[in-house]
Structure formats: structure tokens, C-alpha cells
Amino acid sequence: MSGASTLLAAWRDELNARFARDGGDLAPDAMLGFLRRTVVPILDGWDGEPAPAVLIALFELGLVGLRTGLCGAAEPGRFEQALVARAPALAPLIARAPGLVLRALGNGYLNVARARGPEVAAAWLDALAASAARCAEPGALLDLGIVLGWRAGLAEARDAALDRIARFEPALIAALFGAPTIDADPERRFCRPGATGPLGPAAPIATVGGFVGFGGPFHRPPRARVVADRLVCTDGDVTLELHADVFGARLVPAAWAHAAAQTAADHGTCAGMIAATAADSHQVLVLGRREAGA
């Protein structure tokens, strides 16, 4: 009997009780499939005897993942495949805080997948596992996940990522970005890491937004406004904050700014970003300054 089979047999009653309590309308076959194709390979590949807490945390991950679409009901989801493949590299940190680390992996993957797609999310998890050995404790892995999410295109994570990077060793920063330091100057947000030359003129960087009928967020052409020193775009019904830098450009819901945005003056420049809007367009053109010659 494999290590996974022994552990599952010993904890069968507890797992059944948890499923009866927390499974809701999940089909038992869906959970059994998750255990068979994801949990068993991870536990069988464990270096040494996996702790029961790892099994419980994986089981809880399955309960949540099957509801959110993170895990497949009949076939393995992309997250499951990536987790099984990268579990050996992540195992030392999972073992130290199983619930915390596995929840963070699932949440991080889901956030990246919703914003950038499953392939980018799988690459995020691959990169996280590749650098896991540099993390002395689980909290460091969570910090690394935020930084890699920013690098993967979640521009709204910029401030949090820069805060974490300030505590990284230069060797890790260089491994992640190809430069030992990251310039936090907002005016240089569109420059490549390590670029030190003068800035060039403002130029188009990206286009965001769009008409709600075609999957965009806006019912009417939006206007750019500055609220609390942050750049937002509003059509009167919805208000979204613009986040943009060298790694990506995103509009994120900003209910906190909606009321103030309705009375603020039109102004599309803030912290190195320019948001250009037009009366006949539902899109927002993002402009910024890269290093000269880029």
C-alpha cells in the first residue's frame, strides 16, 4: 500500500465527515476524482511520510477548488496539473504551513488566471516553484507570489510588489528581473528593469476598457479623472482605477472613488501615467514614457 493510500485509509472517517459538513452540493465522484488524480500523486511523491495536515489541507483545497473551477469536476484542471508537477519543489514550505501555503497557491493562481488566462497562471506557478528554494519560510513564498503576479501582468500589485522587493536579496531580484534593483520612481514605471538612461517622449503603451456589449466595462465613453492622487476612469455608472507599468495595464473596480469621480475635473495624467479618452470611444489609451530609444 502506498503512503497516500495508508494516509487516506487512516483519515477516511475524518474526510467523509468534512465532506458531509462542507461539501454542499458537490458530487462525491468529483471529490474522489480530485483525490485520485491530484492528492494521491502529490502524497506518493512526498519526500518521507507526509503529515496528516498536508492531506487535510489538500482536501480543503479540493472542496474550494471544485466550486470555483480551479479544479476540474471530471478531468484535471490546469492548476491541478501544475500543482502535481511542482509539488516536490514546494513541499518543504507546504509542510511547514499546509493550509496557508496551499490556499495562497490556489488564490494566486485563480487571480492570475482570471486576469491573464490559464497559461500565464501556470507559468506563474512554475516560476514560484522554481524560486521556492530561496524562501526561508512560508511568508517569503507568499511575498514572492505577489512579486511574480505583478511580473505576470497584474499591474494593480505594483505597490505591494515594490514593498516586498525592497526586502529581497539583490541576487533574487536579478534572477527574477535580469537586474539587481528595481526603480520605484513612478515616472519610470514603463522602463525596463535595470534601465537607467533618460526618458523618451510619451508614447502609446496599451489600450484598456471597451463597450460593455463586447465584454468591456463601460456603457458610455469614459472620462479620466484623478481622485486621491490616483487615476480613475468613469462613465457615470462605473468607476475603475487605471494601473499600468512595464508589465501590464489593467482597469480595476474602484467603488471607493465613484462618488468623487463624478464631480472631479477631467484630468488624465497622474504618477507617470496618461489616460487618453475620446467622446466617441469606450476605450482608454494608456500613454507613458519609456527609456529613450526603447
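No experiment lies behind these values; they were computed from the predicted model shown.

Alternating positions in strand β7 (residues 273–276) separate cleanly, M273 and A275 being buried on one face and I274 and A276 remaining unburied on the opposite face. Relative to β7, strand β6 (residues 269–270) is paired through two bridges, and the arrangement is antiparallel. Within the sheet, the bridge partner assigned to T269 lies in β7 and is I274. The loop that links β6 with its antiparallel partner β7 comprises two residues; one of these, A271, has a positive phi angle of about 50°. The sheet contact formed by β7 and strand β8 (residues 283–291) spans three bridges and is antiparallel. Looking at β8, one finds that I274 is bridged to L287. The antiparallel hairpin formed by β7 and β8 contains six residues in its connecting segment.

Here the focus is the sheet that holds strand β2 (residues 223–227). Spatial ordering of the open sheet is given by β2-β3-β4-β5, a layout of four strands whose pairing is antiparallel. Edge strands, defined here as strands with exactly one partner in the open sheet, are β2 and β5 (248–253). Strand-to-strand, the axes of this sheet are offset by a mean angle of 35°, without reference to chain direction. Bridge count between strand β4 (residues 239–245) and β5: six bridges; the pairing is antiparallel. Note on β5: the bridge partner recorded for A244 is A249.

Each value, and the rule that gives it
- Residues numbered from 1 in each chain as written.
- Predicted model: local features only at pLDDT ≥ 70, side-chain atom pairs only at ≥ 80, totals over all residues.
- Heavy atoms only, no water.
- Buried < 20%, exposed > 50% of the residue type's maximum accessible area, 1.4 Å probe, protein only.
- Helix = DSSP H or I, 4+ residues; strand = E, 2+ residues; numbered from the N terminus.
- Pairing = 2+ DSSP bridges.
- Axes fitted to C-alpha atoms, helices over the stretch in contact; angles between N-to-C directions.

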